[in-house]
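Structural description and commentary
Residue-level listing of the chains:
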Amino acid sequence: MTNPSKFIVEKLKSVLATPVALHEPRFLGNELEYVKECIETGWVSSVGKFVDRFEQDLANYTGSSYAVACVNGTAALQVALKLAGVCPGEEVLIPSLTFVATANAVSHCGATPHFVDCEEATLGLDVNQLGAYLAQMTEKRSGVPHNKKTGKRLAAIVPMHTFGHPVDLDALLSLGQEYNLPVVEDAAESLGSFYKGKHTGTFGKLGILSFNGNKIITTGGGGAILTNDEKIAKLAKHLTTTAKKPHRWEFSHDHVGYNYRLPNLNAALGCAQLEQLPDYLKKKRQLAQKYCELFQGVEGVRFFTEPDFAKSNYWLNVLLLDPEYASERDAILESTNSNGLMTRPAWQPLHTLPMYNNCPRADLSKTEGLCQRIINIPSSPFLGN
Ligand SMILES: *Cc1c(COP(=O)(O)O)cnc(C)c1O
């Protein structure tokens, strides 16, 4: 590849009409009809039939016993962590290669993110390295794992299924079991992604989804907590709806609750979007296939494909530059964006952000390397036609 940025622009332009966004929502199904129904009936806010239906539809689709709709994915993760037992002053193991919301949700619980490394095979948590790290870094106090250095309890592990690609959950779950650490899956990006045939977000004690505007389906803003535990599900619903005791007219509350419920208006959009999901997934696979062929045999760059054990939703497609080409990344970003092709680097690793750069962390050299090599390319489902 003599001039990689010129070459990549030409390749992408051969299959995409410009200008093209990174990921765009479309509302071609029952969205307007359902939202109109909310407005016409007056049920736009905190209660309504679409909230119940959306939760039921999500549970059915993911195979989770319960789904609790929330105002956004960050709020869902905060409450999920709390329900997994995360308390102020504790540490939560999370990848450094993730959207900042993962760490923010930990902070909102009063806990500290403890950053661990990612692997190239999945772009998610490197479970082998995590195992070795836990063995060296933790000590058990009455059966409970603590960070030897800080003395703080390790309260949970949060894997994130990066750009929709599942991490190796079997290995992670057995590690969690070995260390008595609950797993809470940040499946914000992986609605429609399956690990060995089972939906992501349903493996840990709890999991969360996001329906922000850039995700595979959107409710405008929204999220959900997934769990198979009935008690946890009930408490999640209770806490996210101001912990109001059910009564026809009395207003009484029994916890410091949150106003984190998803409005009916947004749930209406979600019900209609969820009807489109199978079609979106099909189109996104077609687009991924197109990209895969386009970049086959190209020197210096590889189109990232799902790990063997996974069926991914291909939420955001990834071009992975070879390490020798990492220095070309910014030139590629510059020329694709100037040519109407919206592309983006991975997030700045969280341990380098000012509010998180003093947090405990493992060796993060793979994360730092990967961040220099990832380029997200246009991924809207309708591009797969
Ligand atoms: C989108 C996202 C979230 C949550 O996002 P909200 O915008 O709060 O719905 C959390 N984690 C990851 C990795 C995400 O991509």
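Residues numbered from 1 in each chain as written. Predicted model: local features only at pLDDT ≥ 70, side-chain atom pairs only at ≥ 80, totals over all residues. Heavy atoms only, no water.

Turning next to empty space enclosed by the protein. In the structure shown here, the tally under the stated rule is two cavities of 30 Å³ or more. The calculated volume of the largest cavity comes to roughly 40 Å³. Here the residues of the lining of the largest cavity sort into six nonpolar, three polar and three charged. For the second largest cavity, the calculated volume is near 40 Å³. Lining the second largest cavity, in full, are Val116, Asp117, Asp126, Gln129, Leu130, Tyr133 and Ala362. (1 Å grid on protein atoms, 1.4 Å probe; cavity = no way out; pocket = protein on both sides within 12 Å on 5 of 7 lines; lining within 4 Å. Points joined across faces, edges and corners; volume = space filled by probe spheres on them. Nonpolar A, V, L, I, M, F, W, Y, C, P; charged D, E, K, R; others polar.)

Burial of nonpolar side chains together is a common tendency in soluble globular proteins. Judged by nonpolar contacts, the single largest core of 44 residues is most densely connected at Phe54, Leu58, Phe163, Leu191, Leu209, Phe211 and Ile374. When residues of this core are traced back to their parent elements, those giving at least two are α2 (31-41), α3 (49-62), β1 (66-70), β11 (223-227), α9 (264-294), β14 (317-321) and α11 (365-371). Per-element accounting of this core gives the leading share, nine residues, to α9. Excluding anything up to four places from it in sequence, Phe54 contacts Ala69, Phe211, Thr219, Leu262, Ala267, Gly270, Cys271 and Leu274. Within the second largest apolar cluster, 37 residues are counted, among which are Ala75, Leu83, Leu206 and Ala236. (Core = buried A, V, L, I, M, F, W, Y, C linked by side-chain atoms within 4.5 Å. Buried < 20%, exposed > 50% of the residue type's maximum accessible area, 1.4 Å probe, protein only. Helix = DSSP H or I, 4+ residues; strand = E, 2+ residues; numbered from the N terminus. Contact = heavy atoms within 4.5 Å.)

Attention now moves to the environment of Pro145. Its place among the elements puts Pro145 in strand β5 (residues 144-147). With 36 residues separating them along the chain, Pro145 and Leu181 place their C-alpha atoms 7.8 Å apart. If sequence neighbours within four positions are ignored, Pro145 has contacts with Glu139, Lys140, Arg153, Leu154, Tyr179, Asn180 and Leu181.

What follows concerns the environment of Leu172. Tracing the chain through its elements places Leu172 in helix α7 (residues 169-178). Classification of Leu172 by relative accessible area gives buried; the value is 0%. Linking Leu172 and Val127, residues 45 residues apart in sequence, is a C-alpha distance of 5.9 Å. If near-sequence neighbours (up to four positions away) are discounted, Leu172 is found in contact with Leu125, Val127, Leu130, Ile157, Pro159 and Val183.

A few words now on the sheet that holds strand β7 (residues 184-186). Adjacent strands of a sheet form backbone hydrogen bonds with each other and so pair up, either parallel or antiparallel. Strand order in the open sheet formed by four strands is β1-β11-β10-β7, with mixed pairing between adjacent strands. Of all the strands in the sheet, the pair left with one neighbour each is β1 and β7. In this sheet, adjacent strand axes meet at a mean angle of 20° when their direction is disregarded. The sheet contact formed by β1 and β11 spans five bridges and is antiparallel. Note on β11: the bridge partner recorded for Val68 is Ile225. (Pairing = 2+ DSSP bridges. Axes fitted to C-alpha atoms, helices over the stretch in contact; angles between N-to-C directions.)

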